[in-house]
Amino acid sequence: VSGIYNGSTSFRVYPADGNNDTSGTSGNIYIQNAQLESGMVSTDYLDSGATTGKAGVLIDLPRINYDANGENGSLLLEPSRANLVPYSEYLAVGWTYDNTSVISNSIVSPIGEISASKLLDNTTNNLHRMYYVTGESTSAHTFSIFLKKAEYSKVEMESLSGVTTNITYDLLNGTATSVGEIEPYGNDWYRCIFPMSTTSPSNAIQIRLVNNSNSNVFVGTGTSGVHMYGAQLEAGSFSSSYIPNHGESGGVTRAADSCSVTGVSDVIGGTSGTIFFDVTMSESLTNSNYKQFFYYTDSGSNQTYMYVSNTNYIVGNPNLGNITSTTQLQAGERYKIAVTYATNSFKMYINGSEDATSSSGAPKDNENIISIGSYNGASEFNEFTFNQYAHFQEALSDSELATLTTL
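Residues numbered from 1 in each chain as written. Predicted model: local features only at pLDDT ≥ 70, side-chain atom pairs only at ≥ 80, totals over all residues. Heavy atoms only, no water.

Draft legend 1. Representation of the overall build of the protein chain within the structure. The helix and strand inventory of the protein chain stands at two helices and 29 strands. Intrachain contacts of the protein chain at a sequence separation of at least 6 include 67% that bridge at least 24 residues. Taken as a whole, the protein chain presents about 19800 Å² of accessible surface, with 45% of it coming from carbon and sulfur. (Helix = DSSP H or I, 4+ residues; strand = E, 2+ residues; numbered from the N terminus. Contact = heavy atoms within 4.5 Å. Areas by Shrake-Rupley, 256 points an atom, 1.4 Å probe, with all protein chains shown as cover.)

Here it is in structure tokens:
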């Protein structure tokens, strides 16, 4: 048995003879495992009052990212981010509704619970919108929200001060105009991503309904709208995965993801070998440097690594012969990359073809730590999805490299 409250200060349980009856005179019931928690739905019971739990993406477990069909799982590694929307799922709080209203817990959300809301129009002949004052106006931020078509299949997003181009999201065809991004999440849900201005971000974001005549000014029906779930505002020029926030005004922070292992000198040791990656680049590549593929090390002077430069070329360090790709990586594209190494002999293959070589350098043979997607699990994070990583203790042949890296 579970229920939702907002602002209640007490709860009562009555043995009852019938519905809405609080005056039962006989009989007993058993009660166990009462739990009060923040959120729109109940989660698994915590069996200790001293336990602090966080549901979903905040728990300390590896996170696997799947495609819209629930297939092709890959490890999700992201830098630390905070969701600054205080009530990211209870959208009736914190937002201003202009010629609209909201119904909470109206439909199954992307997480499989009845926790999504519905944005409804009214019968006014005007804009039908909701807006949120972010309080952030000095650096690049990204806003995102899950949307699903109902009676209407389009919405517009725009910052109130107009510093970001108006973006239309088509929830029927899964498309977005201008710099907007839209990602399918199954069951007709889309995550709609709205990049704020990098030079003068607005301190407010608005979401407007668009009727079936493609107009944002219309006479509403009073019963039509779109479904919505999981609003997120985060500092950064690209979005990260959703972070639930159930009332933290300063934001809920997800720690940086780390993928590393020690004691592996028998796996990556030796003076020759092959490193292989199958990755998909972020839709919003930045010009930051050292977007790490991997990092092998025992100490600062004994390290082997490969990263993406600020111009989005692949670069190896001196222990990989300073090998540098001739292919410039593009946002949203998938790449299979293999690098072979031996003394004074380095070779890079990308998507089935030889891309670069180097004939000067000496690989290290006593590294003992693997860190994937970051600099030793602490900084310089990747901007791509890892589909696969492999390390071979031999330098593969050209034909093997071509086969391994062909898409």
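After that view, the rundown keeps rolling.
Draft legend 2. Quick look at the packing of aromatic side chains. Overall, the coordinates contain 17 aromatic pairs when judged by the stated rule. Taking 4.5 Å as the distance between ring centres and 50° as the angle between the ring planes, the aromatic pair formed by Tyr290 and Tyr307 counts as tilted. Pair noted here: Tyr290 is in the loop between strand S20 (273-281) and strand S21 (291-299) and Tyr307 is in strand S22 (residues 302-308), with a separation of 17 residues, a long-range link. For the pair Phe294 and Tyr296, a centre-to-centre distance of 4.6 Å together with 45° between the ring planes defines the contact as tilted. In terms of burial, Phe294 and Tyr296 fall into one category: buried. Within the aromatic cluster, the residues linked to one another by ring pairs are Phe277, Phe293, Phe294, Tyr296, Phe384, Phe386 and Tyr389. Above the plane of the ring of Phe238 lies Arg81, whose end atom (NZ or CZ) is 4.7 Å from the centre. (Phe/Tyr/Trp six-rings, centres within 6.5 Å; stacked < 30°, edge-to-face > 60°. Buried < 20%, exposed > 50% of the residue type's maximum accessible area, 1.4 Å probe, protein only. Lys NZ or Arg CZ within 6 Å of the ring centre and 35° of its normal.)

Draft legend 3. Structural detail: the nonpolar core. Ranked by size, the top nonpolar core spans 30 residues in total, and within it Trp95, Phe143, Ile145 and Met157 carry the most contacts. Put simply, the parts of the chain that give this core at least two residues each are strand S8 (129-133), strand S9 (141-149), strand S10 (154-159), strand S11 (167-170), strand S14 (189-195), strand S15 (204-210) and strand S17 (225-235). Ranked by the residues each element gives to this core, the list is headed by S17, at four residues. Look past the residues within four positions of Phe143 in its chain and what remains in contact with it is Trp95, Met157, Cys192, Ile193, Phe194, Ile205, Ile207, Ala231, Gln232 and Leu233. If you look at the next biggest cluster of nonpolar residues, it comprises 28 residues, including Leu77, Phe277, Tyr335 and Phe346. (Core = buried A, V, L, I, M, F, W, Y, C linked by side-chain atoms within 4.5 Å.)

Draft legend 4. A look at the sheet that holds S11. Across the sheet, which stays open at both edges, the six strands sit in the order S4-S8-S15-S10-S11-S12 with antiparallel pairing between neighbours. Two strands close off the open sheet at either side, each with one partner strand: strand S4 (96-98) and strand S12 (175-176). As defined by bridge partners, S4 adjoins S8 across three bridges and the pair is classed as antiparallel. Looking at the pairing, Thr96 lines up with Tyr131 of S8. (Pairing = 2+ DSSP bridges.)

Draft legend 5. Spatial organisation of empty space enclosed by the protein. Across all of its chains, the model carries one cavity of 30 Å³ or more by this definition. If you add up the space inside the largest cavity, you get close to 40 Å³. Lining the largest cavity are Ile268, Tyr296, Thr304, Asn319, Leu320, Tyr341, Pro363, Lys364 and Glu367. When the residues that make up the lining of the largest cavity are grouped by side-chain class, the tally is five nonpolar, two polar and two charged. (1 Å grid on protein atoms, 1.4 Å probe; cavity = no way out; pocket = protein on both sides within 12 Å on 5 of 7 lines; lining within 4 Å. Points joined across faces, edges and corners; volume = space filled by probe spheres on them. Nonpolar A, V, L, I, M, F, W, Y, C, P; charged D, E, K, R; others polar.)

Draft legend 6. A look at the pattern of salt bridges. Per the counting criterion, the structure on display carries eight salt bridges. Arg129 is the salt-bridge partner of Asp98, the closest N and O atoms lying 3.0 Å from each other. Here Asp98 is found in strand S4, whereas its partner Arg129 is found in strand S8, with 31 residues between them in sequence. Residue classification places Asp98 among the partly exposed positions, given a relative accessible area of 26%. Taking the relative accessible area as the measure of exposure, Arg129 reaches 17% and is therefore buried. Two residues, Glu156 and Arg208, come together in a salt bridge whose shortest N-O distance is 2.9 Å. Taken together, the residues span a long stretch of sequence, with Glu156 in strand S10 and Arg208 in strand S15 at a distance of 52 residues. Take Glu156 and Arg208: they sit in the same class, and that class is buried. (Salt bridge = Lys/Arg side-chain N within 4 Å of Asp/Glu carboxyl O.)

Draft legend 7. Structural context of the pairing of S20. Taking burial as the measure, the nine residues of S20 include eight buried ones, the bulk of the element. Here eight bridges tie S20 to strand S25 (residues 334-342), and the two strands are oriented antiparallel to one another. Looking at the pairing, Gly273 lines up with Tyr341 of S25. Note: S20 against strand S29 (residues 384-392), eight bridges, orientation antiparallel. Pairing of Val279 across the sheet is with Phe386, part of S29.

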